[in-house]
Amino acid sequence: SWDSQGNKMTVPVMVLQHGHHHVRHPDVAILYFPKLSNGLRRMKRDWVIPPINIPENSNGPFPYKMVQIHSVENRYKKILYSITGPGATEDPVGLFTIEKDTGDLYVHQRLDREKQAHYTLFVHADSAGSSKAEDPMEIFINVIDMNDNKPIFEQTSYAAKVAESSPKGTTVIQVKATDADEPGNDNSEIRYTILSQEPKLPSDSMFAINSFNGAIMVEGVGLDRKKYPEYTLKIQAADIEGEGLSGRTTVVLKVTDSNNNPPVFTASTGSVDENAVGVLVFKLSVTDKDEPNSPAWNAKFKIIRGDPDNLFSIETGTYKQEGIIKTAKGLDFEKSRTHTLEVIAENDVPFAIPLTTSTATVVVTVKDVNEPPIFKEKEMTVQKPEDVPVDCVIIKSEAEDPDLARENAIKYKIIDDPDNWLTVDEDSGLVKVKSLMDRESPNVKENKYTALLGAYDNDPVPATGTGTLVIILEDVNDNPPFIEERNITNCTIQAKVCNCVDAPLRNSWGVKEQTIRGVVGGILLLSSKF
């Protein structure tokens, strides 16, 4: 018979002859012992014994005649035939037999190619009552494969994961089946197909399979973990190129989350006191439809516009969908009362598909606080002689209030004046001498006397700014010389240097005053060398 593709298929036909216990094939071949050449007991080099082909799984009836063995020597003498080898005289013993008188070779049961595909036997031809008539002839029996094994999958079920953003053609998993029939023919040629898909949404062809190698791929669009978290596929493997025996398995595909949803902002306004550093301005919140607590769900934030001076910082909070904005530097109400920031939110991993990044506009209102007046010169330096008279003006200090909108009045005061030499007019800021100064005061360091001035406003909650006043004092001759009192001993002679105004020279030895003066002068001269 021929199939639809023109391939020829044959099966053996057996005819049972009545009155005989053997089954004879109508086209049984006859195998002859090789002819001898020049009387030598060896076969010609070009003599080939054709193999005997018999299909496996034949239903008999048995014994079944395969071939007839014939020796030309039977023309001259009675020939007796026998066989030896595996399947005859060796295990499996008795599988093959030969009719000793006719040379008919029989098989006694069905053969299984998957157990043994080939048999090799030796046929003997002997003269009745004498020695052998022929050399043993080697014959080969091939068991022809029949399609008696279905494909078997390596696993009864498979499990795999597929990302919801996987593009068409993405390989998810590969299944494999094997067929025990003879390799290289149609009986073991396997083809794979998908029999069913559950659920059949959003279409019944979300996946495809490579019919040759069993690779399962994404075919459709619309994988969505939230809607369809799992698919079950029934897979078939069939031999004879998909038309023969078949085996089946199940594949369960779990749809995993991909970053296919951008974070979306909620409210976005805040306020902060001016000059405050490191304080919370606002907490931004986002929502994300991806799997919670996954890298595709966790948000990270960035200020992309509105902060050229880097006045703000932003970081992700412990709750991964919260952005915390703080002041990185002090804000100045007088320079800018509002700041408009543009913030974007992304995820820890890139988007799996093209998505529009979510942005938020955050308006930060700066709240005015009362700031202290600021001296025009943080450190004021003047140079004056130390004997400058009382009420003399040292300097006019000036301060300004940065709170322009408040229009506060500024007043002045002395905060620190170690020797209490100065006074300041609270309205004008004029600093004057209150008491005489002295460069030799211990509070004067390297001719410099330092005082601390204050400027404060009249706000209900007043604030005070400070400025430093440094007076460099010029020395004047306001101290006479004086004798340093000390005792001197030289050559067993003792002298005392002292203020002689109240203690006139005494002459206890009765020597002349001029002599005493000379001695003292000499002593002084000598002492100067020490």
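Just above, that's the structure.
Everything quoted here is computed from the prediction, not taken from an experiment.

Draft legend 1. Main features of unusual backbone geometry. Going from F62 to P63, the amide bond is cis rather than trans, its omega being 0°. A cis amide bond, omega -5°, links L201 with the succeeding residue P202. Looking at where P202 falls in the secondary structure, it is placed in the loop between β17 (191-198) and β18 (207-209). Positive phi outside glycine occurs at D391, with the angle close to 75°. Assignment of secondary structure puts D391 in the loop between β31 (379-385) and β32 (393-396).

Draft legend 2. Summary view of the nonpolar core. In terms of nonpolar packing, the biggest core is built from 28 residues, with M66, I69, F96 and I139 touching the most fellow members. Secondary-structure elements contributing two or more residues to this core are β6 (52-55), β7 (64-70), β8 (79-84), β9 (96-98), β10 (104-107), β11 (118-127) and β12 (137-144). Setting aside residues up to four positions removed in sequence, F96 forms contacts with M66, I83, G87, A88, Y106, V107, H108, L111, Y119, L121 and I141. In this structure, V172, Y192, L233 and L253 belong to the second largest nonpolar core, which totals 24 residues.

Draft legend 3. Inspection of a nonpolar patch on the surface at higher detail. Taken together, the side chains of I30, Y32 and V72 present a nonpolar region at the surface, about 240 Å² in accessible area. Along the chain, Y32 falls in strand β3 (residues 29-32). Assessed through its relative accessible area of 40%, Y32 is described here as partly exposed.

Draft legend 4. Spotlight on the sheet that holds β18. On the basis of which strands lie adjacent, the open sheet formed by three strands has the order β15-β19-β18 and antiparallel pairing. What marks the edges here is a single partner per strand, and that holds for β15 (171-174) and β18. Direction aside, the axes of adjacent strands within the sheet are offset by 25° on average. Taken together, the three bridges between β15 and strand β19 (residues 215-218) define a ladder with antiparallel strand orientation. For Q174, the partnering residue across the bridge sits in β19 and is A215.

Procedures and definitions
Residues numbered from 1 in each chain as written. Predicted model: local features only at pLDDT ≥ 70, side-chain atom pairs only at ≥ 80, totals over all residues. Heavy atoms only, no water. Helix = DSSP H or I, 4+ residues; strand = E, 2+ residues; numbered from the N terminus. Core = buried A, V, L, I, M, F, W, Y, C linked by side-chain atoms within 4.5 Å. Buried < 20%, exposed > 50% of the residue type's maximum accessible area, 1.4 Å probe, protein only. Contact = heavy atoms within 4.5 Å. Patch = residues over 30% accessible without salt bridge, like charges linked within 9 Å, V, L, I, M, F, W, Y side chains within 5 Å. Areas by Shrake-Rupley, 256 points an atom, 1.4 Å probe, with all protein chains shown as cover. Salt bridge = Lys/Arg side-chain N within 4 Å of Asp/Glu carboxyl O. Pairing = 2+ DSSP bridges. Axes fitted to C-alpha atoms, helices over the stretch in contact; angles between N-to-C directions.

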